[in-house]
Amino acid sequence: MVAVVPKEEYRFDDEYPIFKLTEDKAKRFKKMMSLDRHRIAPPGVCASDLCQHGLQQLLNEGMLKKEEIGALVFVSQTPDYTMPPTSNVIQGKLGLGREMICLDINQGCSGFLLGLIQAFLLLDIAALPKVVLLNGDTCSKQTDRCNRISYPLTGDAGSVTIIERCEAENPIYVDVKNDGSRYRAIMIPAGRYRMPSTPETLKLREVEEGVVQSLEHVHMDGAAIFNFTMEDVPPQIDEILAFSGDTRDSIEQFLFHQPNPFILKQMADKMKIPSAKLPNNIVSLYGNCSSVTIPLNIALNCGEQLLREKRRVCLSGYGVGLSWISMVMDLGPLAANKIVDYEST
Amino acid sequence: MDKIKFYEQLSEILDVEQVKPEDVLKDFEAWDSLAILSVLAMADLKYGVSIKAEEIRSVVTAADLASMVEAKQK
């Protein structure tokens with residue numbers, strides 16, 4: 001696995017004047033959300049560029065040969081184009097062979113785990129040699145830079161995960177849940193076909209003090225999302241631990257999607273998982289980068305260790321859809337597990 | 001439910017010395033979507049009750065909020 005982040009790093013302490021926050025308010029927000037810094041892709045850099053950079057690096061390092069790639073699965077909500085699929089664009093740019101599957105998946109917070117499920121199915125059914133899972137999002141382009149709540153929490157990143165079959169028996173436990181009746185809780189209302197882009201949908205509106213957004217930016221119903229993470233996700237963790245025959249003790253690490261430090265901390269407390277086992281540092285260092293928070297979490301918090309040995313882990317991704325997916329598995333040893341910077345030329 | 005304690009916790013969230021029952025929540029400078037998130041978290045973890053998005057929007061005063069949490073506990 002490799003996670004890729006733009007080289008451009010911005011600190012909240014430098015940025016808060018653009019949100020027109022008073023120093024007091026900025027301090028309060030910084031403390032509540034443990035804000036520190038985030039990575040933002042410059043204009044013109046897409047999620048696919050970050051993913052392509054990571055994949056090219058693995059090819060250069062000899063971790064993977066082009067002809068071994070049986071499928072390219074690209075999970076994103078910030079594709080290059082509405083058509084063609086971005087996976088085809090990446091395939092073409094990297095000069096990969098024709099005998100392969102290219103597949104785009106539209107999913108956010110649960111997208112790393114949905115992508116893994118897709119990769120497992122492809123390995124199983126299509127008997128492919130290796131599947132390359134790309135997760136990428138430039139979430140900063142889905143919010144206004146002056147939005148004092150969402151912008152500081154946002155980050156851009158990509159990741160590349162190579163999945164192949166192993167000889168040893170190594171069961172992976174999966175629980176998938178979706179509730180489309182709550183699809184409005186996290187959405188970008190306009191800009192596609194239900195509500196096409198017009199000058200009106202691009203107009204910025206102040207929805208509360210310092211919170212400006214257009215209909216083409218992400219809208220979040222904070223209270224509804226909070227209730228979702230507190231009421232729907234913890235029971236799923238109990239279910240999957242029961243299914244895999246694990247306990248909070250037998251799991252060595254809980255590597256969860258990280259929407260923001262406040263919500264994750266509340267969830268961890270509610271689930272009675274000690275903070276030492278549930279890292280909560282991605283948003284403070286990189287920002288919430290949608291489906292890439294889990295790969296970043298794995299690389300940042302288990303980087304070296306997973307190169308040497310396997311760990312019993314519980315992964316969980318939850319958010320837009322609403323969709324929530326959890327997995328229990330022995331993860332590692334991995335051939336690569338690192339974070340690299342992307343420098344645009 | 002210890003209402004005095006509840007108003008104390010609310011005053012911490014709103015970053016003021018004191019919150020009185022008749023105070024209108026919207027009048028506090030700090031009453032924004034983040035404060036609402038903090039209230040939901042407090043209700044959940046300290047009082048074991050879940051407040052829905054539309055419920056919190058209908059609350060006017062601090063006393064209304066306290067009564068809602070108390071009523072949900074029963």
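First, a word on what this report is: a plain description of the structure on this page. Quick caveat: nothing in here was measured; it's all calculated off a predicted structure.

Conventions and cut-offs
Residues numbered from 1 in each chain as written. Chains lettered and ligands numbered in written order. Predicted model: local features only at pLDDT ≥ 70, side-chain atom pairs only at ≥ 80, totals over all residues. Helix = DSSP H or I, 4+ residues; strand = E, 2+ residues; numbered from the N terminus. Rg over C-alpha atoms; globule rule 2.2 N^0.38 Å. Buried ≥ 20, exposed ≤ 12 C-beta atoms within 10 Å, placed from the backbone. Contact = placed C-beta atoms within 7 Å. Nonpolar A, V, L, I, M, F, W, Y, C, P; charged D, E, K, R; others polar. Pairing = 2+ DSSP bridges. Axes fitted to C-alpha atoms, helices over the stretch in contact; angles between N-to-C directions. Parallel < 35°, antiparallel > 145°, perpendicular 65-115°, else oblique. Left-handed = near helix turned anticlockwise from the far one by under 90°. Core = buried A, V, L, I, M, F, W, Y, C linked by C-beta atoms within 7 Å. Domains from an automatic or database assignment.

**Remarks on the overall build of chain B**
What chain B contains, in helices and strands, is 4 helices and 0 strands. Sequence-ordered secondary structure for chain B, helices as α and strands as β, is α-α-α-α. A compact globule built from 74 residues would reach a C-alpha radius of gyration of about 11 Å, and chain B, at 11 Å, matches this within 12%. Each principal axis of the C-alpha distribution contributes one length, and for chain B these read about 30 × 25 × 20 Å. When each of the 74 residues of chain B is scored for burial, the buried share is 26%.

**A word on the interface of chain A and chain B**
Chain A puts 18 residues into the contact, and the matching count from chain B is 14 residues. Looking at the side of chain A that touches chain B, the elements that each hand over two or more residues are helix H2 (23-33), helix H7 (222-231) and helix H9 (261-271) of chain A. Considering each element in turn, the side of chain A that touches chain B owes the most residues, 7 residues, to H7(A). Its residues assigned to classes, the side of chain A that touches chain B comprises 8 nonpolar, 3 polar and 7 charged.

**Quick look at the sheet that holds strand E16 (residues 338-342) of chain A**
Residue and element names in this part refer to chain A. Pairing within the open sheet is mixed, and its 6 strands lie in the order E5-E4-E6-E7-E1-E16. Here the strands that pair on one side only, and so sit at the sheet edges, are strand E5 (101-105) and E16. Ignoring which end each strand starts from, the neighbouring axes of this sheet average 20° apart.

**Quick notes on the packing of helix H8 (residues 233-244) of chain A against H9(A)**
Residue and element names in this part refer to chain A. Relative to each other, H8 and H9 sit at 50°, their axes nearing to 10 Å. The orientation of H8 relative to H9 falls into the category oblique. Pair H8 / H9 crosses with right-handed handedness. On H9, the residues touching Val-233, Pro-234 and Ile-237 of H8 are Met-267, Lys-270 and Met-271. Here the contact of H8 with H9 is composed, by residue class, of 5 nonpolar, no polar and 1 charged.

**Some remarks on the nonpolar core**
Ranked by size, the top nonpolar core spans 106 residues in total, and within it A:Cys51, A:Leu72, A:Val73, A:Val132, A:Leu134, A:Ala157 and B:Leu40 carry the most contacts. No other element matches helix H2 (residues 33-47) of chain B, which puts 7 residues into this core. Two domains share this core, each providing at least three of its residues, namely domain 1 (2-164) and domain 2 (173-342) of chain A. Those residues in contact with A:Leu134, other than ones at most four positions away along the chain, are A:Cys51, A:Leu55, A:Leu72, A:Val73, A:Phe74, A:Val75, A:Gly158 and A:Val160.

**Considering the packing of H7(A) against H2(B)**
Contact pair H7(A) / H2(B): the axes reach a minimum separation of 9 Å and the direction vectors enclose 30°. As judged from the angle between their axes, H7(A) and H2(B) are roughly parallel. As for how H7(A) packs across H2(B), the hand of that crossing is right-handed. The residues of H2(B) that touch H7(A), namely those facing A:Gly222, A:Ala223, A:Phe226 and A:Met230, are B:Ser33, B:Ile36, B:Leu37, B:Leu40 and B:Asp44. For the contact of H7(A) with H2(B), the per-class residue count stands at 6 nonpolar, 2 polar and 1 charged.

These figures come from the coordinates and say nothing about function on their own.
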